Amino acid sequence: MTPHGPNGQTAAEPPATRDSGGMSRILLLLDHEENRRLLAEWLSSEYQVVQANPSEVLDETIDLCLIDQSSLQRYDDVLLESKDAVRPVFLPYLLVVSQRDSKRLGSDIWKRIDAVVGDCIDELITTPIQKAELQGRIESLLRARQQSLQLNEQTEELETLHHINTVIRNITRALVQASTREEIEQTVCDRLVEAEPYRFAWIGEPNSDTKEIEPLAWAGTDTGDLEDVTVSFDTSETGQGPCETAVHTREMQVSQNLSEQPDSESWKEHLTEAGLRSVVSIPLVYDETLYGILNVYADHADAFDSDEQDLLEELGSTIPYAMQTVIAKERYRSFVEDIFGPSEVGVRILDSSGTIAWLNEAFEQYFGVDRTDTIGRDNAPFVRSDLKQIVADPEPFAEMVTAPYDETTDIETFECHVPPADDRDERYLHHRSQPIKSGRYAGGRIELYYDITKRKRVEAELEDTIEKLERSNADLEQFAYAASHDLQEPLRMVSSYVQLLEDRYADDLDADAQEFIDFAVDGADRMREMIEDLLEYSRVNSRNKEIQPIDCNTVFEQSLTNLQIEIEESDAEITVGSLPTINGDKTQLLQLFQNLISNAIEYAGDEPPRVHVSTEERENEWLFSVRDQGIGIDPDDAEEIFEIFNQVGEIGEDTGTGIGLSICQKIVEYHDGDIWVESEPGEGSTFFFTISASNETNS
């Protein structure tokens, strides 16, 4: 190797410098004394040359090792160990092989060297080179080392930032799952100290009245219990530590050397004794509200660079937002608990994702479920796997309770039966649910379950009573029919024998006897008429319904035909307006018209009867009226005249069987209508009755 250039001139290349700004250090390991002296003399003007046993200096910073083959063989263990120790930081080795040795080693010299020392050698010189070329190779290796150091430093910074970013991401994820403010505060402290390089973290809440910051949560190095520790702050913004300053400025404060800060924290000395050296204080502010101060400590000075500070500063808004959310949730839940908690109505609230957000004790009691195990579950799987097994009709129930999320039903109602079990009583429930359109659970649904068990039992008892009454009425009607029918034969026999007695002994009877016979015959006739009316009355409900389209005009004309003799004898005038066609029983409607017209003729008074029949169409019904100009009825008797066997006639006269108007009432009720009378004595009467429009037909 020739260390000098032509004519003994030395090359003038710029020196390579280290990160610190000093000269690069080159370890010179050459056995040839003259070459070593010449190289040291030349290199020393631009580099710091080190000539010593490698085992003594490799613990120090060395930027390049210039070595020959003999030294490599002599110090191979030390050099290889040093090379491995500094990885991944690059420590270049420049091997100089004499021309004689290079010829002896041959063209596969690299292979031979790698076989001995692996990849320890980074550059190789085997032929004489000019000084400038040698310096170029040295500079190239030094630049490679410098780039390696910079790359390693950047990699470490990126790894640190990535690590911190991961920590913050984990904190954010944990905040979403937290349900109380206390849980948020403790979770943040725990997550921070679980990650290096943070050793201690605490969150405090400032009290403007006491001018103290009370620690609420903490975690980390053994600094003792902070329950009795307070940090005081005054109204001044100067001469205070980062925590107090953050309270005033509401801006993040960083102290890269804790020992240099004012001793305003009563327990700061204890922290420094625990090895804490730097701190960042982050005000937790959201929507102009200061929720507290987060303090994060590291065990070395200058621990928080600008990028790391930016990441930590994000927690200043993330944490208080989570706090505000859970506070609002707690208030909303407290409001819901106060309103629906003690209610006897079972309440269940679903959020917009279909998750069960809340239910009250009544719901637990009705269905026998535990709300601590139910809240937070997905609605559809819960209904299909658990809830539907509780009700009597599971499949329709599950479809109704889960369908609203698929069909966005506005309001849904139905009834369900919950059979008794060990953990619940038998209940009948009325379900009502509708969407929640505002507030925290907007997009969700609220379900209400009303206990209608008592009502259902009363309805069942009522249905049973109605069924018994219907059977009793049927029996009574059958008895009345049978009794009336059977009474006609002995009555006919009594009447016949009385008339026979009159015919045979008429010449032998005196006036009193004849009068007695007349009374007996008249009584028999009246009893026969009453029995016939009673039979007719019993047939109204016992006759099978023959509902069909009925033209009331035709029925009216037929009733006049049946009453022709009465009309002619009384010189009655019967008029009618246009009558509708309805659905009804023709025979009964005929009797209804006939009874009311006959009644009007009978109580016409001294003047010839004047009767008018008309109709009026109303909402959902037809109103019929039969108006006369007769003697009228006392209003006090307006309701009693429809009672069976009531013989109170118009203006108080006792006449008839007292069954005719009762029959009219039963016929109207049979057609789902009502009947009443409006009258004044001497002013005539008007009988009204209604027929539902649902009975109307288009024919």
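Criteria and thresholds
- Residues numbered from 1 in each chain as written.
- Predicted model: local features only at pLDDT ≥ 70, side-chain atom pairs only at ≥ 80, totals over all residues.
- Heavy atoms only, no water.
- Patch = residues over 30% accessible without salt bridge, like charges linked within 9 Å, V, L, I, M, F, W, Y side chains within 5 Å.
- Areas by Shrake-Rupley, 256 points an atom, 1.4 Å probe, with all protein chains shown as cover.
- Salt bridge = Lys/Arg side-chain N within 4 Å of Asp/Glu carboxyl O.
- Helix = DSSP H or I, 4+ residues; strand = E, 2+ residues; numbered from the N terminus.
- Phe/Tyr/Trp six-rings, centres within 6.5 Å; stacked < 30°, edge-to-face > 60°.
- Buried < 20%, exposed > 50% of the residue type's maximum accessible area, 1.4 Å probe, protein only.
- Pairing = 2+ DSSP bridges.
- Axes fitted to C-alpha atoms, helices over the stretch in contact; angles between N-to-C directions.
- Contact = heavy atoms within 4.5 Å.
- Right-handed = clockwise from strand over helix to strand, strands pointing away.
- pLDDT = per-residue confidence, 0-100.
- Lys, Arg positive; Asp, Glu negative; His and termini not counted.
- Charge placed at Lys NZ, Arg CZ, Asp CG, Glu CD.

Colleague: Please clarify how a nonpolar patch on the surface should be interpreted in this entry.
Modeller: Together, M493, Y497 and L500 make up an exposed nonpolar region whose accessible area comes to about 330 Å². Note on placement: Y497 falls in helix α16 (residues 453-504).

Colleague: Just checking my understanding: could you explain the packing of aromatic side chains for this structure?
Modeller: When we look at a pair of aromatic rings, we describe it by the centre distance and by the angle of the planes. As enumerated under the stated definition, the model contains 14 aromatic pairs in all. An angle of 85 degrees between the planes, with centres 5.9 Å apart, marks the rings of F397 and F414 as edge-to-face. Of this pair, F397 sits in helix α15 (residues 394-407) while F414 sits in strand β14 (residues 412-418), and the two are 17 residues apart along the sequence. The class of F414 is buried, set by a relative accessible area of 13%. By way of ring pairs, the aromatic residues F363, F367, F397, F414 and Y449 are connected into one cluster.

Colleague: Explanation requested: the sheet that holds strand β2 (residues 48-50) in the structure shown.
Modeller: By way of backbone hydrogen bonds, the strands of a sheet pair with one another, either parallel or antiparallel. Within the open sheet, the 5 strands sit side by side as β2-β1-β3-β4-β5. Their pairing is parallel. This sheet does not close on itself; its edge strands, each paired only once, are β2 and β5 (123-125). For this sheet, the mean inter-axis angle between neighbouring strands, taken without regard to orientation, is 20 degrees. Strand direction decides the pairing type here: strand β4 (residues 93-96) and β5, joined by 3 bridges, are parallel. Each residue of the ladder has a partner; that of L94, found in β5, is E123. Sheet strands in contact with helix α1 (residues 33-43) are β1 (25-29), β2 and β3 (64-68), and its direction is about 170 degrees off that of β1. Along the sheet, helix α4 (residues 76-86) makes contact with β1, β3 and β4, crossing β4 at roughly 150 degrees.

Colleague: It is not clear to me how the pairing of β1 should be interpreted in this structure. Could you clarify?
Modeller: Each regular strand displays side chains that alternate between the two surfaces of the sheet. In terms of burial, β1 is a largely internal element, 5 of the 5 residues being buried. Burial along β1 is two-sided: R25, L27 and L29 and I26 and L28, pointing in opposite directions, are all buried. With 3 bridges connecting them, β1 and β2 associate as parallel partners. Bridging across to β2, I26 finds its partner in V49. Handedness of the crossover is the feature at issue here: the chain leaves β1, passes through α1, returns alongside β2, and the resulting connection is right-handed. Alignment of β1 against β3, held across 4 bridges, turns out to be parallel. Paired with L29 across the strands is I67, a residue of β3.

Colleague: Which parts of the structure should I look at to understand the pairing of strand β11 (residues 289-298)?
Modeller: Here β11 lies mainly inside the structure; 9 of its 10 residues are buried. In this sheet, β11 lies alongside strand β6 (residues 198-207) in antiparallel orientation, the contact comprising 6 bridges. Counterpart to G204 in the pairing with β11 is I293. Note that strand β10 (residues 278-286) and β11 share 9 bridges and pair antiparallel.

Colleague: Help me understand the confidence of the model for the chain in this model?
Modeller: Low pLDDT marks stretches whose predicted atomic positions should not be read closely. With 78% of its residues at a pLDDT of 70 or more, the chain shows a mean pLDDT of 79. Looking over the chain, one finds the lowest element-wise mean pLDDT in helix α5 (residues 99-105), namely 64, and the highest in strand β18 (residues 573-576), namely 94. Confidence over residues 1-20 falls short of pLDDT 50; this stretch has 45 contacts with residues more than four positions distant or in other chains. Across residues 649-654, confidence stays below pLDDT 50; counting only partners more than four residues off in sequence or on other chains, it has 17 contacts.

Colleague: Which parts of the structure should I look at to understand a negative patch on the surface?
Modeller: A cluster of like negative charges, contributed by D634, D636, E639, E640, E643, E680 and E683, occupies part of the molecular surface. The exposed category is assigned to E683, whose relative accessible area is 61%.

Colleague: How should I be thinking about the sheet that holds strand β21 (residues 621-628) in this particular structure?
Modeller: Spatially, the 5 strands line up as an open sheet ordered β18-β20-β21-β23-β22, and their pairing is mixed. Because the sheet does not close on itself, it has two edges, and the strands there are β18 and β22 (675-679). In this sheet, neighbouring strand axes are inclined to one another by 20 degrees on average, regardless of whether the strands run parallel or antiparallel. As paired elements, β21 and strand β23 (residues 685-692) share 7 bridges and run antiparallel to each other. Bridge assignment links R627 to a residue of β23, and that residue is T686.

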